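Report on the structure
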Amino acid sequence: MNGDYAIEAQGLSKHFGNLKAVDSLDLKVPRGQIYGFLGPNGSGKSTTIRMLCGLLTPTEGSATVLGTHIPGRARDLRPRIGYMTQKFSLFGDMTVLENLQFISEIYSYPRTDRKARIEELLVRYDLTEQRRQMAGTMSGGQKQRLALACAVLHKPNLLLLDEPTSAVDPQSRRDFWANLFRLAEGGTTIMVSTHYMDEAERCHRLAILDRGVKVADGTPQHLQATTGMHVIEVLAEDPYAAQSAIHDLAEVASVTQLGVRLRVLISERFDQPLEIVESALTRAGVRAESIISSATLEDVFVAVTMGPEERAA
Amino acid sequence: MISLSRMGAIIRKEVRQLRRDRLTFGMVFGLPIIQILLFGYAINTDVRNLHAAVADQANTSLSREFVADVEATQVVRFVDQAETPAELEAMLRRGDISIGVFIPPDFDRRVVDQTRSAVHVLVDGSDPTVLGVAAQLRNVPVQFGSGSQRQAVELIETRAYYNPERRTPVNIVPGLMGVILMMTMMLFTAVAIVREKERGNLELLINTPVSSAELMIGKVTPYVLIGLLQLGLILGVGRLLFDVPVRGSVLDLYIAGTAFIAAKLSLGLLISTAVRTQFQAMQMTVFILMPSILLSGFMFPFAGMPQVAQFIGEVLPTTHFIRLTRGIMLRDASLFELTPDFLYLVGFTVVAMTIAALRFTKRLD
Ligand SMILES: Nc1ncnc2c1ncn2[C@@H]1O[C@H](COP(=O)(O)OP(=O)(O)OP(=O)(O)O)[C@@H](O)[C@H]1O
Ligand SMILES: [Mg+2]
């Protein structure tokens, strides 16, 4: 048994016709950690997760999940993994309680402990007031808490969460993540896909996918330290004019506006990034202040997911 | 290994959702009642009271007696009088009448002569049933004199063939049982799995330890019970309103019913595995529904259909079930005398269920 990793995938690929939704993906997810999965829309996050839990058959490659070979013996895995789908997939015309009961029955949770386990989950995921409410009528955040409660009910060793916090307010997201950390401390391995940078920063490790290809992999700190990009922050009175002045520079890989500030990425191949930006601004007659900044995860994301033509800059 | 507790969980969930779905729940019991009322009252092959007019140019006692005899059959009701055949034709064209009876001035002589027809019946041939009714009129005897001297011309005992009690429902209800069960059973199951596919529930379900067989059987079981309830309902209403008898064994009828329900549910599941949306499932159901209604012997006598139609009819489970119900209910036949039809239903179930379970892989691709 490969004791250290909950998931090990080699050359995992999924093709839909000509589309390579996932392309030769290698993954190593350490046990007991929260592993983030980042990527733009359509980059293959859901497809990868579905392959890992045996819902989709890989076109090529294979994986070992909790010591079980995929796709061959996916069925043996079911009792040991919890999967939270991107789209709400519980029964809208049943109450919160009925959904939890159904899940406990379908996973053959020990009959004598069912009630206690469900009560515990209702409290833990703050659903006690909704217990008799139809699941379909709940708010987005409540639905996601219920989905998580159902995914963890049978105490799985591995949790696969596909964008569990889309449509959840910041406070609820913090609570949601507190729950994830608690689960990880209890020894559960969690793989979670997300679009939120603040969530990505909380992960122990993360992988970034772009068009089916893994473009970065490591701890958030490691990724930030190895972007291969200078980051210049520009504070301008007229950010729009500043953006026009630097956007088309050959050296500039990308410009992102954040309020009155611009974050400019320039490849590390260029030695004096600050001078490049400042001279362009001066030439355009834009008054602005530029400073060297350090890369955030968002910068990493922008840097690794841009097209090859931009990267060549 | 099938786990009974997991299957039980699926069954309970299905029942719970069904109970909450007011519309479907209403359909389960409302549909059979509405159908049986509709078919029982509206579809009546013994046509009566067709509007008719007479142009009696003879106006003799014999001709008047003939007109009275025609009206006495109750097949037609004379709503108007005309002078000439042309007037009758005009009435036909306007749709005021379906049948015109023209009696020429020399009616009495023609009756005796018999080389020329004594009466002309003008029929609205655009409706085939009216044509059929007109044929009955041909058989109305024309009689001379009265009392013991009565002498009938063109004697064919029409009245013996006529069903004065208007017993169409007796023939319709056993067939209707097949049609109603087919509609509800097939539609419910065809939609059952696709609905979960559409709502996304299936992605969750197939990630749980539940197996394909547990899921299939669990989903279908509640509907078997519903089907048997519907069967009882149809029998009860048929009995109460139309006095439809069950001359054979009720147990035999229920056994045949169970086999038919199983066959239809398996077919529904098979459809469910072949389509992607509920709408497609509906279309497929209708696609099978139409031939089942038309070619099963429910609407038209089976033996009278063209070869190809008969062949298609033989494949459809409904055909065999209708033979079973008519046999058991009307002719007091036992299931043993009807074994081939029963075995066909069992065989159909096994084949359809197997294909459905094989087709339903617990995967998304
Ligand atoms: N069943 C399918 N048939 C055809 N193409 C598919 C199928 N499922 C996914 N795809 C395609 O594969 C690519 C990856 O899809 P996937 O759902 O994995 O993306 P994602 O990273 O989860 O995106 P999002 O952030 O929007 O959820 C997309 O281009 C999508 O259109
Ligand atoms: Mg996705």
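Our subject is the structure listed above.
Summary of the structure given here. Numbering of residues starts from 1 in each chain and follows the order in which that chain's sequence is written. Here chains are named by letter from A upward and ligands by number from 1 upward, in the order in which they appear as written. Side-chain atom pairs in this predicted model are given and counted only at pLDDT of 80 or more, local residue features only at pLDDT of at least 70, and totals for whole chains, interfaces and linings cover all residues. Side-chain calculation: all heavy atoms of the structure are included, whereas hydrogens and water are not.

1. Focus: the pattern of salt bridges
Residues and elements named next belong to chain A. Note the cut-off: Counted as salt bridges are all cases of a side-chain nitrogen of Lys or Arg within 4 Å of a carboxyl oxygen of Asp or Glu. By the criteria applied, helices consist of DSSP H or I runs no shorter than four residues and strands consist of E runs no shorter than two, each listed in order from the N terminus. Relative accessibility thresholds used throughout: buried, under 20% of the residue-type maximum; exposed, over 50%; partly exposed, between the two (1.4 Å probe, protein chains only).
By the definition in use, this model includes 27 salt bridges over all chains. The partner of Glu8 in a salt bridge is Lys28, and the shortest N-O contact between them spans 4.0 Å. In this pair, Glu8 is assigned in strand S1 (residues 5-16) and Lys28 in strand S2 (residues 19-30), connecting sequence segments 20 residues apart. The exposure class of Lys28 is partly exposed, given its relative accessible area of 43%.

2. Digging into the packing of helix H3 (residues 96-106) of chain A against helix H1 (residues 4-20) of chain B
Selection rule: With axes taken as lines fitted to C-alpha atoms, and helix axes fitted only over the stretch in contact, angles between N-to-C directions fall between 0 and 180 degrees. Angles below 35 degrees are treated as roughly parallel, those above 145 as roughly antiparallel, those between 65 and 115 as roughly perpendicular, and all remaining angles as oblique. Crossing handedness is read from the near helix: turned anticlockwise from the far helix by less than a right angle, it gives a left-handed crossing, and turned clockwise, a right-handed one. We call two residues in contact whenever any of their non-hydrogen atoms come within 4.5 Å of each other. Note that Gly is not counted as nonpolar here; it falls among the polar residues with everything else outside the nonpolar set of Ala, Val, Leu, Ile, Met, Phe, Trp, Tyr, Cys and Pro and the charged set of Asp, Glu, Lys and Arg.
Put simply, H3(A) and H1(B) touch, their axes get as near as 8 Å, and they point 155° apart. Between H3(A) and H1(B), the interaxial angle falls into the category roughly antiparallel. For the pair H3(A) and H1(B), the sense of crossing is left-handed. From H3(A), A:Glu98, A:Phe102, A:Glu105 and A:Ile106 reach across to H1(B), where they touch B:Arg6, B:Ala9, B:Ile10, B:Arg12, B:Lys13, B:Arg16 and B:Arg20. When its residues are assigned to classes, the contact of H3(A) with H1(B) shows four nonpolar, no polar and seven charged.

3. Some details on a nonpolar patch on the surface
All names here are of chain B. Condition: Grouping into patches uses exposed residues only, defined as over 30% relative accessible area, and leaves out salt-bridged ones; the cut-off is 9 Å for like charges and 5 Å for nonpolar side chains (Val, Leu, Ile, Met, Phe, Trp, Tyr). In these tables, accessible area is a Shrake-Rupley quantity obtained with a 1.4 Å probe, and a residue counts as shielded only by the protein chains included in the view.
A cluster of nonpolar side chains, contributed by Ile33, Leu37, Tyr41, Leu240 and Leu241, occupies part of the molecular surface with about 500 Å² of accessible area. Counting residues per element, the ones that place at least two in the nonpolar patch are helix H2 (22-42) and helix H10 (212-242). Looking at the secondary structure, you find Tyr41 in helix H2. Assessed through its relative accessible area of 52%, Tyr41 is described here as exposed.

4. Quick notes on H10(B)
Side chains that are three or four residues apart share a direction in an α-helix, a result of its 3.6 residues per turn. This is how it is decided: One less than the residue count of a helix, multiplied by 1.5 Å, gives the span that helix is expected to have.
Given a rise of 1.5 Å per residue, 31 residues ought to cover 45 Å, and the 44 Å separating the end C-alpha atoms of H10(B) matches this to within 8%. Downstream of H10(B) by a residue or two, B:Asp243 has a phi angle that is positive, lying close to 55°.

5. Considerations on the packing of helix H11 (residues 250-274) of chain B against helix H14 (residues 317-330) of chain B
Residues and elements named next belong to chain B. Where H11 meets H14, the axes come as close as 10 Å, and the angle between the chain directions of the two elements is 170°. Looking at the two axes, H11 sits roughly antiparallel to H14. Seen from H11, the contacting residues are Asp252, Leu253, Ala256, Gly257, Phe260, Ala263 and Lys264; seen from H14, they are Pro317, Thr318, Phe321, Leu324, Thr325, Ile328 and Met329. Each residue belonging to the contact of H11 with H14 can be placed in one class, and the counts come to nine nonpolar, three polar and two charged.

6. Focus: the coordination of the magnesium ion (ligand 2)
All names here are of chain A. Under the convention used in this document: Excluding water, the donors of a metal are its N, O and S neighbours within 2.8 Å, or within 3.2 Å for Na, K and Ca, and that exclusion means sites may look incomplete.
Bound to the magnesium ion (ligand 2) on the protein side are Ser46 (OG) and Gln86 (OE1), at distances that span 1.9 to 2.1 Å. Within this pair, whereas Ser46 is found in helix H1 (residues 45-52), its partner Gln86 is found in the loop between strand S6 (81-84) and H3, the two being separated by 40 residues in sequence. Note on Ser46: relative accessible area 17%, which makes it buried. A relative accessible area of 38% places Gln86 in the partly exposed class.

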